[in-house]
Amino acid sequence: MNHNQTTANFDTIIKALNNHEVIAYPTEAVFGLGCDPDSEQAVMALLDLKQRPWEKGLILIADNYDQVKPYIDDSRLTDEQREAMFASWPGPVTWVIPAKPATPKWLTGRFDSLAVRVTDHPVVKALCQSYGKPVVSTSANLSGLEPCRTTDEVNAQFNGRIPVVDGLVGGRKNPSEIRDALTGQLYRQG
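- Looking at an unreviewed UniProt entry, one finds the protein named Threonylcarbamoyl-AMP synthase and attributed to Morganella morganii subsp. morganii KT.
- Under the UniProt heading Subcellular location (unreviewed entry), the note attached to the protein is "Cytoplasm".
- The protein has a UniProt comment under Sequence similarities (unreviewed entry) that states "Belongs to the SUA5 family. TsaC subfamily."

Written as structure tokens, this is what we have:
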């Protein structure tokens, strides 16, 4: 498949995800790199492409909470903790939640938790709806470079090697806020 095009349609993107490939797509603030979270091959290719250590763990981005439930231990959350999460979703807040024991280490890294976000970005919502599950979400940039904010920047940094969902990033200046679902602790200001 030739990815030297600037954008790819959803059929091409879904096919790439099913083939364990890395894709790029617009999010609330920057373009994200993503892949099938259940494919170790795809996640390792993403980590290699981004030059990111697996120990850091990754974020899953989803259309709705049910899409992330197979990966997290929802039973560890109180009603109040769940309400705090739901009050920020859909939107640009990522929550770190205890992971199920079966959740792959290629997603959680050195942690026993997983970062998840239910997005309100229409392109990502449509992508996750079409794919039927969440996708990995990490900023689209090579280590040490600024995150990409346009399709052209993605193609320039990655030499047109990955399919890109065309679209505009949301109006946010900073990547998503990250909070601990159990403690409410702020890990990254949004």
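### A word on the layout of surface pockets
So, point 1. Here the largest pocket is characterised by a volume of approximately 710 Å³.
So, point 2. Lining of the largest pocket is provided by 39 residues; of these, Arg52, Ile59, Thr138, Ile178 and Arg188 occupy positions nearest its centre.
So, point 3. Contributions of two or more residues to the lining of the largest pocket are made by strand E2 (31-34), helix H5 (105-108), strand E5 (113-118), strand E6 (135-139) and strand E8 (186-188).
So, point 4. Sort the elements by how many residues they give to the lining of the largest pocket and E5 lands first, with 4 residues.

### Details of the pairing of E6
So, point 1. Of all 5 residues making up E6, 4 are buried, and the element is well covered by its neighbours.
So, point 2. By the bridge criterion, 2 bridges tie E2 to E6 in an arrangement that is antiparallel. Within the sheet, the bridge partner assigned to leucine 33 lies in E6 and is threonine 138.
So, point 3. In this sheet, E6 lies alongside strand E3 (residues 59-62) in antiparallel orientation, the contact comprising 3 bridges. In the sheet register, leucine 60 faces E6, and the bridge partner there is valine 136.

### Some remarks on helix H1 (residues 10-18)
So, point 1. Ile13, Ile14, Ala16 and Leu17 are the residues of H1 that are buried. Angular distribution of buried residues about the axis of H1 spans 160 degrees; they occupy a single face of the element.
So, point 2. On its buried face, H1 is in contact with strand E1 (23-26), helix H6 (122-131) and E6.
So, point 3. Looking one or two places after H1, you find histidine 20, whose phi comes out positive at around 65 degrees.

### Quick look at the pattern of salt bridges
As a working rule, side chains carrying opposite charge can pair if their charged atoms are close by.
So, point 1. Evaluation of the coordinates by the stated rule reveals 8 salt bridges.
So, point 2. For arginine 117, the salt bridge identified is with glutamate 28, shortest N-O distance 3.1 Å. Of this pair, arginine 117 sits in strand E5 while glutamate 28 is found in the loop between E1 and E2, placing the two residues 89 residues apart along the sequence. This pair shows no difference in class: arginine 117 is buried, exactly as glutamate 28 is.
So, point 3. Aspartate 74 is the partner of arginine 82 in a salt bridge, and the nearest nitrogen-oxygen pair spans 3.0 Å. For the residue pair arginine 82 and aspartate 74, the accessibility class agrees, reading buried in each case.
So, point 4. A network of salt bridges, in which partner residues are shared, links Asp36, Asp38 and Lys133.

### Digging into the nonpolar core
Buried together is how nonpolar side chains tend to be arranged in soluble globular proteins.
So, point 1. Core analysis: the largest hydrophobic core is formed by 38 residues, its most contacted members being Leu33 and Val154.
So, point 2. Per element, the largest residue contribution to this core is 5 residues, and it comes from helix H2 (residues 40-50).
So, point 3. One finds Ile13, Ile14, Cys128 and Tyr131 within the second-largest nonpolar core, a separate group that totals 14 residues.

### What to know about the side chain of glutamine 67
So, point 1. For glutamine 67, the location among the structural elements is in helix H3 (residues 65-68).
So, point 2. Polar contacts involving the side chain of glutamine 67 include one to the main-chain carbonyl oxygen of cysteine 128, which spans 3.1 Å.
So, point 3. Residues within four places of glutamine 67 in sequence aside, it is in contact with Ala62, Cys128, Gln129, Gly132, Lys133 and Pro134.

### Overview of unusual backbone geometry
So, point 1. Put simply, tryptophan 89 and proline 90 share a cis peptide bond, and its omega is -10 degrees.
So, point 2. Assignment of secondary structure puts proline 90 in the loop between helix H4 (79-88) and strand E4 (93-98).

About the cut-offs
- Note that residues are indexed from 1 along each chain, following the sequence as it is written.
- For a predicted model such as this one, the threshold for reporting local features is a pLDDT of at least 70, and the threshold for listing and counting side-chain atom pairs is 80 or more; totals across whole chains, interfaces and linings nevertheless cover every residue.
- Values reported for side chains reflect all heavy atoms of the structure, with hydrogen atoms and water molecules removed beforehand.
- UniProt positions are given in the numbering used here, feature names are shortened, and annotations may be inferred rather than shown by experiment.
- For cavity detection a 1 Å grid was placed over the protein atoms alone, and a set of points counts as a cavity when a 1.4 Å probe fits there but cannot get out; an open set counts as a pocket when protein lies on both sides within 12 Å along at least five of seven lines, with lining residues being those that have an atom within 4 Å of a point.
- Grid points are joined across faces, edges and corners, and a volume is the space filled by probe spheres set on the points.
- Under the scheme used here, helices are H or I runs from DSSP no shorter than 4 residues and strands are E runs no shorter than 2 residues, and both carry numbers assigned from the N terminus.
- Buried, partly exposed and exposed residues are distinguished by accessible area as a fraction of the type maximum, computed with a 1.4 Å probe on protein chains only: under 20%, between the cut-offs, and over 50%, respectively.
- Think of it this way: DSSP has to see at least two bridges between two strands before they count as a pair.
- For this quantity, the arc is that covered by the directions from the helix axis to the C-beta atoms.
- Any two residues having at least one pair of non-hydrogen atoms within 4.5 Å are treated as being in contact.
- Put simply, a salt bridge is a Lys or Arg side-chain nitrogen that is within 4 Å of an Asp or Glu carboxyl oxygen.
- We call a set of buried Ala, Val, Leu, Ile, Met, Phe, Trp, Tyr and Cys residues a nonpolar core when their side-chain atoms join them within 4.5 Å.
- Pairs of N or O atoms are called polar contacts if they sit within 3.5 Å, as long as, within protein, a hydrogen donor faces a hydrogen acceptor (for residues adjacent in sequence, only side-chain-to-side-chain pairs).

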